[in-house]
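Structural overview
Below, each chain spelled out in residue letters.
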Amino acid sequence: MSDTLKKLSGLGVSIWLDDISRERLRSGNLEQLVKEKNVVGVTSNPTIFAKALSKGDAYDEQVRDLTVRGVDVEEAVRAITTYDIRWAADVLRPVFDRTEGVDGRVSIEVDPRLARDAEKTVAEARALWWMVDRPNLFIKIPATEEGLPAITAALADGISVNVTLIFSLERYGKVIDAYFAGLEKARENGHDLSKIESVASFFVSRVDTEIDKRLDKIGSAEAKELRSKAGLANARLAYELFEEKSRSDRWAKLRDAGARPQRPLWASTGVKDPNLPPTLYVDGLIADGVVNTMPEATLDAEAEKGEPAGDTVTTKYDDARAVMQGLKDVGVDYDDVVRVLEDEGVEKFEVSWKELLDTISGELKDKAGARA
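In short, a report on the structure. (Residues numbered from 1 in each chain as written. Predicted model: local features only at pLDDT ≥ 70, side-chain atom pairs only at ≥ 80, totals over all residues. Heavy atoms only, no water.)

Focus: the pairing of strand β8 (residues 290-294)
Selection criterion: Buried, partly exposed and exposed residues are distinguished by accessible area as a fraction of the type maximum, computed with a 1.4 Å probe on protein chains only: under 20%, between the cut-offs, and over 50%, respectively. Numbering of helices and strands runs from the N terminus; a helix is a DSSP stretch of H or I covering at least four residues, while a strand is a stretch of E covering at least two. Here, any two strands with at least 2 DSSP bridges between them count as paired.
In terms of residue burial, β8 counts as a mostly covered element, since 5 of its 5 residues are buried. Covered by surrounding structure in β8 are Val 290, Asn 292 and Met 294 together with Val 291 and Thr 293, the residues of both alternating faces. The pairing of strand β1 (residues 13-17) with β8 spans 5 bridges and is classified as parallel. Along β8, the bridge assignment pairs Ser 14 with Val 291. Pairing geometry for strand β7 (residues 263-267) and β8, over 2 bridges, is parallel. Along β8, the bridge assignment pairs Trp 266 with Asn 292.

As C-alpha cells, then:
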C-alpha cells in the first residue's frame, strides 16, 4: 500500500476514485485499488459512462441481451449503468461495513437533462435507489436552484445523496440548509437518521480554469499573481462555512437525533493546467472529515509525488479571503464566474448523456442488424 496515500487517509481524507467502467470491474482493478491505494469510494457521472461505453467489448454481451429483449435506448442506459454501480457497490461493501456506512460508497447521477426540474429529479432518484438496491449507494443530484428542493425531498425519503456541481459559497450554504431540511423531514417520516449519508461535491479545478482565463485577459501584474489560487481559496472557505453550520443549534438537534454530517467532497481535482503540480488539489485541501474524489491519474500522482503534510485548509482561511478580495480588486466578477460554471457543468453532462444515448443506440442497432 502506498505510504503517501496511507498518510493522506490518516489525516482524515477519504480517497475516492472518480471513474468506473465494466472493464475496471471485471479485471479486478477496482478491488486492487481498494487494497493497494486506500480507495474507499467511487463516483461516476455521464461523461465517465460515455467514455467507458466507447471502449472495448466489456458491454457487448449485455447489449446483445438488451437487443434481444427489444428495450429502448433509455431503458438500456439505465440497465447498463446500474449494473456497473451494483457491481462496484458490492466490491466496496466490506469498506462500507468496516466504516459503519461512512465510506464504501458508490455514486450514480440522475439524468442531467432533469437538472432544472425538481419533481422529475426526485422521481428519477427514487427509481435509481430502487434499481440499484444497495445500502452503500449515493444518488447524485445537481445543486441547481431547482435541485435544492429535490435534495431535501430525496433525503426525506431516506435516500443518501451526493450533491454535485457546487461552485459558489452562497449555493453551498443553501445545500447545507437543504440537507438539514431533508433530515428533519426524514425524522418526521420515521427514518433512522444514522442510516442516511450525504456528501457535498464542491468543484475545484474548474474554478481556476475559468478565473485564470479572466485573469489572463486582464493581464496586469496583480492579476497574474492570482493565477491558479482561486480554486483552493474557494474550497477552503467552503470548509469554513461547513464548520460554521456545524456549530449551529439546528445541526446540534439533528446530530443528537443520530444524524451524520454532510461531508465536503472535493471534486474536479485533476489539474487542467499542465504547468501546475498534479497533486495541487489534493495536498492543498487536507482537512479532517473530507472526501477527495480523484481521477486515476491524480491518484497515481499523489501516490508517487504527494506530500501530505497536515491540515492545509483551516490554517489558510485568512489567505483564502485575501485571494478572493484580490480577485475582486482586479475586476473578476465571482458571481458571474460561478453562474457560468454551473451552466457549463449542467450542459457538459447533458452533452455526455446524449453521447451515451447515441453510443448505446448505435450498439443496439448494430446488434439488431447482426441478428437479422
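Here we look at the pattern of salt bridges
In plain terms, the rule: Each salt bridge in this description consists of a side-chain nitrogen of Lys or Arg and a carboxyl oxygen of Asp or Glu lying within 4 Å of one another.
Inspection of every chain in the model, using the stated rule, returns 37 salt bridges. Two residues, Glu 124 and Arg 78, come together in a salt bridge whose shortest N-O distance is 2.2 Å. Here Arg 78 lies in helix α6 (residues 73-91) and Glu 124 lies in helix α8 (residues 118-132), a separation of 46 residues in the sequence. Across the pair Asp 103 and Arg 263 runs a salt bridge, and its minimum N-O distance is 3.0 Å. You can see Asp 103 sitting in the loop between α7 (93-98) and β3 (105-109) and its partner Arg 263 sitting in strand β7, a full 160 residues away along the chain. When its relative accessible area of 8% is taken as the criterion, Asp 103 is described as buried. On the accessibility criterion, Arg 263 (8% relative accessible area) is buried. What emerges from the salt-bridge pattern is a single network uniting Arg 116, Glu 145, Glu 146, Arg 171, Lys 174, Glu 342 and Asp 343.

Regarding the pairing of strand β4 (residues 137-142)
To keep things clear, this is the line we draw: Looking down the strands as they point away from the viewer, one classifies a crossover as right-handed if the path from the first strand across the helix to the second runs clockwise.
Most of β4 sits out of view: 6 of its 6 residues are buried. Of the two faces of β4, the one carrying Leu 137, Ile 139 and Ile 141 and the one carrying Phe 138, Lys 140 and Pro 142 are both buried. Across 4 bridges, the pairing between β3 and β4 is parallel. By the bridge assignment, Val 106 is partnered in β4 with Leu 137. Tracing the backbone out of β3, into α8 and back to the parallel element β4 gives a crossover that is right-handed. The sheet contact formed by β4 and strand β5 (residues 161-166) spans 4 bridges and is parallel. The residue of β5 that forms the bridge with Ile 141 is Val 163. Running through helix α9 (residues 147-156), the crossover from β4 to the neighbouring parallel element β5 is right-handed.

A look at the side chain of Asp 19
The following threshold applies: Here a polar contact is recorded for every N or O atom pair within 3.5 Å, except that within protein the pair must consist of a potential hydrogen donor and a potential acceptor, and residues adjacent in sequence are included only if both atoms are side-chain atoms. Here a residue-residue contact requires only that any non-hydrogen atoms of the pair lie within 4.5 Å.
Mapped onto the elements, Asp 19 comes out in the loop between β1 and α2 (22-26). Relative accessible area serves as the criterion here: at 18%, Asp 19 is assigned to the buried category. Separated by 2.6 Å, the side chains of Asp 19 and Arg 24 make a polar contact. Apart from residues no more than four positions distant in its own chain, Asp 19 is found in contact with Arg 24, Val 42, Thr 43 and Ile 48.

Some thoughts on the environment of Ala 88
Mapped onto the fold, Ala 88 is located in helix α6. Taking the C-alpha atoms as reference points, Ala 88 and Val 106, separated by 18 residues in sequence, lie 6.8 Å from one another.

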